Amino acid sequence: MWGHQSAMEVVRDLDKPSTSNNLGKMSSIKQVINDAVEKGRAALDLVEMSPGFPVRPVIDQVRQPNPIRLRDLIRQIRSAKTAAEERAVVNRECAYIRLTFREEDSVWRCRNVAKLLYIHMLGYPAHFGQMECLKLIASPRFTDKRIGYLGAMLLLDERQDVHLLITNSLKNDLNSSTQFVQGLALCTLGAIASPEMSRDLAGEVEKLLKSSNAYIRKKAAVCALRIICKVPELMEIYLPATRSLLSEKNHGVLITGVTLITEMCRQSPDMLAHFKKIVPNLVRILKNLIMAGYSPEHDVQGVSDPFLQVKILKLLRILGCGDSEASETMNDILAQVATNTESSKNVGNAILYETVLSIMDIKSESGLRVLAINILGRFLLNADKNIRYVALNTLLRVVHADNSAVQRHRTTIVECLKDADISIRRRAMELCFALINGNNIRTMMKELLAFLEKAEPEFKASCSSKCVLAAEKYSPNVRWHIDTLLKVVQAAGNHVPDDVVSSTIQLISEARSEQAYAVGELWNLLSAAQMEFQPLIQVATWCIGEFGDLLLSGQSDVTVVESELIAVYQQILWSSQCNITTKEYALTSLMKLSARLNHEVGSIQQVVSAFGSHLNIELQQRGIEYSQLFTRHNHMRGPLLERMPPFEGTRVNREEKAALTNGVDASPDNQALLNDLTAPNNNANDTYESNALLDLLGGMEPGDSDTVQPATSNAVPAVAPTTAPASNADILDLLGGLDTGPTPAAPLANLNSTMVPSSNSNGAFLLDGLLNNTSSNSSITNPVSSLPTFNSVSSPTTQQSSIPGINAYDKNGLRLDMTFEVHESMTTINMQATNNTGVQVTDFLFQAAVPKSLQLQMLNPSSTSLAPSGTLNQVIKVNNPNKVALRMRIKLSWIANGAQVQDQGEISNFPPALWQ
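Just so you know, the residues in each chain are numbered from 1, in the order the chain's sequence is written. Selection of residues for local features in this predicted model requires a pLDDT of at least 70, selection of side-chain atom pairs for listing and counting requires 80 or more, and totals for whole chains, interfaces and linings are taken over all residues. Excluded from the side-chain calculation are hydrogens and water; included are all heavy atoms of the structure.

A. Quick peek at the overall build of the chain. Only DSSP runs of H or I reaching four residues or more are called helices, and only runs of E reaching two or more are called strands; each is numbered from the N terminus. For the chain, the helix and strand inventory stands at 41 helices and 11 strands. Residue burial is assigned from relative accessible area. The probe radius is 1.4 Å, only protein chains are included, and a residue is buried under 20% of its type maximum, exposed over 50%, and partly exposed in between. For the chain, the proportion of its 916 residues judged to be buried stands at 50%. A sequence separation of at least 24 residues applies to 69% of the contacts in the chain between residues at least 6 apart. Reported accessibility uses the Shrake-Rupley method at a 1.4 Å probe radius. Residues are deemed covered only where the shown protein chains occlude them. Accessible surface computed for the chain: about 42,200 Å², of which carbon and sulfur atoms make up 50%. Any pair of residues with heavy atoms lying within 4.5 Å of one another is described as a contacting pair.

Structure, rendered in structure tokens:
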């Protein structure tokens, strides 16, 4: 009471004319109120013994001050100088909000929930306010409903059971007489609707979709979009009302109606066929937008409603795809949009971009397609990096449809290789490779090699692999091809993948007429090379080891003396910068040279014998075994170290490369995936333990040593010389089971294969076994001929009818069914893929991996595209000699509706009869 009196006195004093004393009293109001609270507590203690005295409610009101407003809370949080101070403010406020939530009839519930939503947006937990949101939704006040529905959209989703409690409130508000209450309910339902809520409230939304109020129709269309995404079978009930939305004058209703129709056409082929008849209506609406005069309500930077134009263009692209009649109807309007839209503003560029996509997706005229590509060419000259990136990305998609039109912009595309933005350079590089043909290979390769020299390390591996593929397909002559591959190896440095090294070696091995030139060029590079560039040294040592006599005899352009050659090899073998694989190349190459030199054989013997005590087991084994060819078996050294036969006809082209990588096409769109299969790291201190093919599929369980076997046509392909470090030892199991120990069969071929060193000691040959099985030079055989094939099964016993089939995959509209045939240890899997997406599926790709103890062969599929409800077949053969349980990791990818779909998983439900 006394505190109250003091406060009233201060207020009365403030009503007097302003003086300096009044200003001081203004600042003391807070202190007076605090004194009143303390005196009130003292009064409560004095009268607490008197029953029936009504003072506690009065004191409770004094002890519970009003909660702070949202703006005050925001001000406190923003004024926090540290994260700990901010957390303290939030925790203190959350504790107070919890306390007030315990009161059943809190008049401050709306304010507290609003503050809680702000706290939630800052990232702090606010789940304890979910029930309070439901109470606000049930309130008859609009302000309470507004905060309640906002809280429901932020704090609830379909994964929480509590959100089902608002279904009845939503139904009541959808039938409300107030449009704003209906709008709140529609927005909330469109944000958090689950399949159960969609089924319960679909009827109310359908009624509101026919409302005479444009505000309600717009929100109902958005809500219907959410419902058909959750429950596609409810699509038909919205069909009559959706057709009428296209006759709307209100742009908000029109844009939501177009969006709803677009989603219907994407999900249902029947709806797509039904709405093809509305193409003339869409063309008329789009034409009115282009020809309409200035409208302040819809104008954006001088363009009439660009959002609606973009939506209509997207719908036209879907309706015109694969339909000649519909495409013919929209050709003229697309040409008008492309020519009349201003490209100086960003909104105009957005419309032009959608126009280009529509032109390229439908069956448009050739002149219109050229116009679309010219628009993308203008985008490349834009100063905005985002627009240039979009142009390059789109050109990469359409380059195969109209290569000649894209070629006109080749100069601009090449200039993008010098852009400061790394993402633009990446897209420009991919597009440059897509533009290479027989006419421009020299010019384009020169530009790409210049780019390769200055490119970032992450570009070098993929760029070098693509350069090799392009040179193999379009090289004008063998010498140019060799020069190009040597430049690639030199420019990429240590980032050269193994396939580039093997391709270069294979090319020189095949080109007999250019071997003298190649070995001379390689000697020039090797003698001046830095020791840290391993791939270049590997290629050079392999070729000099095979064709060193051409270098010493003067048939090449340079002449080298034997002592100089040995000195360079000693530098390589004793360099700390060269890794073990490079030293294996050099040691075997030096051993080959011992059969080609005349005077320095003793020096070679000293170098080789020194490796008999090397710390590395592989080098030590090679040193010991090679040393015996100088002593006990010196008479056999010459025949054993003859040149390897040329690999004529075995170098893979683009189609064969696709087969060797489980059907991954080597086109520019898929080349990044192809490079991932064959791009190990060549750093000296990195042993590259992971299997690149297994990494692609995600691996199985840890420690399984899984391997992906390449898909071939009917037999194991011939093997080109390639490096085989420990990282790829598992892949070599396909070639004869390296984990079973060394095999003495085909010994001379094994010796020749040591030009491709392996750090797996089990895979190295044993000289004693080799010599015991070697009698003459006539026993030299092709190593590929000794490889096992899947067709060499004797006396097959078939089991088919008793083995049930399985469903291996059923997701994303694609189903894989497998049936089985067993021939002793060989299991033949007949896989059938069924397209249930309702649209055309193209670029279908199936990849698989099995554990190390199994061998996998995949034949080519019957097709790579599936019509709606169509099927394709593919045969998979699995050799299971140890009769272990069959598991398979799979990866799928395909293109439907212009969008790429990828998925992967594991099949572990194979019938036990396959291995029992």
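Read on, since the account is not over.
B. Here's a closer look at the packing of helix 30 (residues 515–528) against helix 31 (residues 534–552). Angular values range over 0 to 180 degrees, each being the angle between N-to-C directions of two axes fitted as lines to C-alpha atoms, with helices fitted over their stretch in contact. Between helix 30 and helix 31, the least distance of the axes is 8 Å, while the angle of their chain directions is 130°. It follows from the interaxial angle that helix 30 and helix 31 lie oblique. Note that helix 30 runs across helix 31; the crossing there is left-handed. Listed contacts from helix 31 to Gln515, Ala516, Val519, Gly520, Leu522, Trp523, Leu525 and Leu526 of helix 30 are Leu536, Ile537, Val539, Ala540, Cys543, Ile544, Phe547, Leu550 and Leu551. Geometric relationships in this document are graded by angle, where less than 35 degrees denotes roughly parallel, more than 145 denotes roughly antiparallel, 65 to 115 denotes roughly perpendicular, and other angles denote oblique. Helix crossings fall into two classes, left-handed where the near helix is turned counterclockwise from the far one by less than a right angle and right-handed where it is turned clockwise.

C. Main features of the sheet that holds strand 11 (residues 899–907). Only when DSSP finds a minimum of two bridges between them are two strands counted as paired. Read across the open sheet, the three strands follow the order 7-10-11; overall the sheet is antiparallel. A strand with exactly one partner marks an edge of an open sheet, and here the two such strands are strand 7 (841–849) and strand 11. Strand-to-strand twist across the sheet, computed as the mean angle between neighbouring axes with direction ignored, equals 15°.

D. How the structure looks around the confidence of the model for the chain. When the pLDDT values of the chain are averaged, the result is 77; 75% of them are 70 or greater. Considering only residues more than four positions removed or in separate chains, one finds that residues 649–801, a stretch of pLDDT under 50, has 326 contacts. Confidence of the predictor at the level of single residues is given by pLDDT, which spans 0 to 100.

E. Representation of the pairing of strand 8 (residues 855–858) within the structure. Side-chain alternation along strand 8 places Gln855 and Gln857 on one buried face and Leu856 and Met858 on a second face that is also buried. Here strand 8 runs beside strand 9 (residues 871–879); their pairing, made up of four bridges, is antiparallel. Its bridge partner being in strand 9, Gln855 is matched across the sheet by Asn879.

F. Representation of the environment of Val89. Structurally, the position occupied by Val89 is in helix 6 (residues 83–101). Separated by 12 residues in sequence, Val89 and Ile77 place their C-alpha atoms 6.6 Å apart. Residues within four places of Val89 in sequence aside, it is in contact with Leu73, Gln76 and Ile77.

G. Spatial organisation of the pairing of strand 7. Most of strand 7 sits inside the fold, with seven of its nine residues counted as buried. Note that strand 7 and strand 10 (residues 888–896) share seven bridges and pair antiparallel. Bridged to Phe846 within strand 10 is Leu892.

H. Expanded view of the packing of aromatic side chains. Note on aromatic contacts: the rings of Phe and Tyr and the six-membered ring of Trp form a pair at centre separations within 6.5 Å, being stacked when their planes are under 30 degrees apart, edge-to-face when over 60 apart, and tilted otherwise. Evaluation of the coordinates by the stated rule reveals six aromatic pairs. Measuring from centroid to centroid gives 5.8 Å for Phe451 and Phe459, while their planes differ by 40°, and the two rings are tilted. Each member of the pair, Phe451 together with Phe459, is buried. For a ring to carry a charge above it, either NZ of a lysine or CZ of an arginine must fall within 6 Å of the ring centroid while also lying within 35 degrees of the normal to the ring plane. Between Arg98 and the ring centre of Phe128, over which it is positioned, the NZ or CZ distance is 4.2 Å. Here the basic side chain of Arg479 rests over the ring of Tyr517, its NZ or CZ set 3.9 Å away from the ring centre.

I. Representation of helix 21 (residues 366–379). One less than the number of residues in a helix, times 1.5 Å, gives the span that helix is expected to have. With 14 residues, helix 21 extends 20 Å between its outermost C-alpha atoms, agreeing within 8% with the 20 Å of an ideal straight helix rising 1.5 Å per residue. Looking only at helix 21, the buried set comprises Leu368, Arg369, Ala372, Ile373, Ile375, Leu376, Gly377 and Phe379. Looking at the buried positions of helix 21, the neighbouring elements they touch are helix 19 (324–340), helix 20 (346–361), helix 22 (385–398) and helix 23 (403–407).

J. Fine view of a nonpolar patch on the surface. Here, patches come from residues exposed beyond 30% relative accessible area and free of salt bridges, joined within 9 Å for like charges and within 5 Å for nonpolar side chains (Val, Leu, Ile, Met, Phe, Trp, Tyr). One side-chain nitrogen of Lys or Arg within 4 Å of one carboxyl oxygen of Asp or Glu is enough to make a salt bridge. A surface patch of nonpolar side chains, about 270 Å² in accessible area, is lined by Met121, Leu150 and Leu154. Structurally, Met121 is set in helix 7 (residues 109–121).

K. Region of interest: the pattern of salt bridges. Under the definition given, this model contains 27 salt bridges. The structure contains a network of salt bridges with shared partners spanning Arg69, Asp72 and Arg75.

L. Local environment of helix 13 (residues 214–230). The terminal C-alpha atoms of helix 13 lie 25 Å apart, and with 17 residues this matches the ideal 24 Å at 1.5 Å per residue to within 8%. All of the buried residues along helix 13 are Ile216, Arg217, Lys219, Ala220, Ala221, Cys223, Ala224, Ile227 and Ile228. Where helix 13 is buried, its residues contact helix 11 (179–192), helix 12 (195–209), helix 14 (239–245) and helix 15 (251–267). Counting of polar contacts relies on pairs of N or O atoms within 3.5 Å, with two restrictions inside protein: one atom must be capable of donating a hydrogen and the other of accepting it, and residues adjacent in sequence are counted only when both atoms are side-chain atoms. If you check the start of helix 13, you find a side-chain oxygen 2.9 Å away from the backbone N of Tyr215, and it comes from Asn213.

M. Geometry of the packing of helix 32 (residues 562–573) against helix 33 (residues 580–593). Running from amino to carboxyl end, helix 32 crosses helix 33 at an angle of 155°, the nearest separation of the two axes being 9 Å. In terms of their interaxial angle, helix 32 and helix 33 are classed as roughly antiparallel. As helix 32 packs across helix 33, the resulting crossing turns out to be left-handed. For the pair helix 32 and helix 33, contact is made by Leu565, Ile566, Tyr569, Ile572 and Leu573 and by Thr582, Lys583, Ala586, Leu587, Ser589, Leu590 and Leu593, respectively. Each residue is assigned to one of three groups, with Ala, Val, Leu, Ile, Met, Phe, Trp, Tyr, Cys and Pro labelled nonpolar, Asp, Glu, Lys and Arg labelled charged, and all others, Gly among them, labelled polar. Looking at the contact of helix 32 with helix 33 residue by residue, the classes come out as nine nonpolar, two polar and one charged.

N. Examining the state of the cysteines more closely. Cysteine sulfur atoms that come within 2.5 Å of each other are treated as a disulfide pair. A full pass over the atoms with the stated rule returns zero disulfides. Here Cys223 stays unpaired: no disulfide links it, and the sulfur of Cys187, its closest cysteine neighbor, is 8.7 Å away. What makes Cys223 buried here is its relative accessible area of 0%. Not part of a disulfide, Cys432 finds its nearest cysteine sulfur in Cys416, a span of 8.3 Å.

O. Just the side chain of Glu248, in detail. Relative to the elements of secondary structure, Glu248 occurs in the loop between helix 14 and helix 15. The exposure class of Glu248 is buried, given its relative accessible area of 19%. Engagement of the side chain of Glu248 in a polar contact is seen with the side chain of Arg217, the distance being 2.7 Å. Every residue in contact with Glu248, bar those within four places of it in the chain, is listed here: Arg217, Val253 and Leu254.

P. Focus on unusual backbone geometry. With phi around 55°, Gln301 is a residue other than glycine that occupies positive phi space. Note that Gln301 resides in the loop between strand 1 (299–300) and strand 2 (303–304). Positioned with a positive phi, Asp843 is a non-glycine residue whose angle comes to about 55°. Relative to the helices and strands, Asp843 resides in strand 7.

Q. A look at the environment of Val162. Structurally, Val162 is set in the loop between helix 9 (142–155) and helix 10 (167–174). As for Val162 and Gln130, which are separated by 32 residues in sequence, their C-alpha atoms are 8.0 Å apart. In contact with Val162, not counting residues within four places along its chain, are Gln130, Met131, Leu134 and Leu156.

R. Here's a closer look at the environment of Asp173. Topologically, Asp173 is positioned in helix 10. The spacing of Asp173 and Gly183 is 10 residues in sequence and 8.8 Å in space, taken between C-alpha atoms. In this structure, Asp173 is in contact with Ile137, Lys145, Tyr149, Val181, Gln182 and Ala185, ignoring residues within four places of it in sequence.

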